[in-house]
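Results of the structural survey
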Amino acid sequence: MNGLQEKAPLGVGVIVGIIMGSKSDLPIMQDAANIFKEFGIPYEITVVSAHRTPERMFNYAKEAHGRGLKVIIAGAGGAAHLPGMVASITTLPVIGVPIKSSNSIDGWDSILSILQMPNGIPVATVALNAAKNAGLLAVQILATADHSLTLKMQGYKDELRRKVEESAEKINQ
């Protein structure tokens with residue numbers, strides 16, 4: 001479709017959609033894709049601009065559930081309307097990733113645009129440029145209905161704990 005797709009073509013066995021407002025967001029959003037690779041979760045990744053391609057955004061959000069998606073991660077910088085607009089159209093959980101873009105006000109415009117959604121249109125929001133956390137949150141959402149993902153997430157957290165304990169032990173020596 002646009003050269004950014006990975007894993008599987010759009011709509012073919014994927015369960016997570018990663019979308020971004022611009023190709024320049026890819027270095028940040030790739031962190032979410034890397035999490036899905038690590039956990040073995042089929043995903044798709046593409047550009048969907050709320051401002052430049054509103055029909056594409058509308059169709060993506062409207063068709064996502066019917067194509068088998070379970071969660072959408074939407075990254076956007078600047079005015080950052082993509083996550084909220086997608087959330088207003090779909091019934092799927094949407095996780096917003098505010099991105100500090102070249103025209104951004106230190107990322108605050110993106111954070112607030114995604115965070116300050118009106119009642120009735122929730123968007124889970126992670127920290128600035130934190131697509132990795134968005135990926136992990138999506139894994140946790142999916143794990144509520146998949147015990148094997150629950151076990152993988154527990155292993156991931158156990159490894160995080162082990163690394164901290166190892167670091168503490170080295171410092172204490």
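The paragraphs below set out a description of the structure included in this document.

Reading guide: rules and limits
- Residues numbered from 1 in each chain as written.
- Predicted model: local features only at pLDDT ≥ 70, side-chain atom pairs only at ≥ 80, totals over all residues.
- Heavy atoms only, no water.
- Pairing = 2+ DSSP bridges.
- Helix = DSSP H or I, 4+ residues; strand = E, 2+ residues; numbered from the N terminus.
- Contact = heavy atoms within 4.5 Å.
- Axes fitted to C-alpha atoms, helices over the stretch in contact; angles between N-to-C directions.

This paragraph deals with the sheet that holds strand β1 (residues 16-20). Strand order in this open sheet of five strands is β2-β1-β3-β4-β5, and the pairing throughout is parallel. Edge positions in the sheet fall to β2 (43-47) and β5 (124-125), since each has one partner strand and no second. In this structure, β1 lies alongside strand β3 (residues 71-77), joined through five bridges in parallel fashion. Across the sheet, the residue bridging to isoleucine 19 is alanine 74, located in β3. Here helix α3 (residues 82-89) sits on the sheet and contacts β1, β3 and β4 (94-99); the angle it forms with β3, its principal contact strand, is near 150 degrees. Helix α4 (residues 108-115) contacts β3, β4 and β5 of the sheet and is inclined by roughly 165 degrees relative to β4.

This part is about the environment of glycine 78. With respect to the helices, strands and loops of the structure, glycine 78 is situated in the loop between β3 and α3. It is 8.9 Å that separates the C-alpha atoms of glycine 78 and isoleucine 111, two residues lying 33 residues apart in sequence. Beyond its immediate stretch of four places on either side in the chain, glycine 78 contacts Ile99, Ser101, Asn103, Asp109, Ser110 and Ser113.

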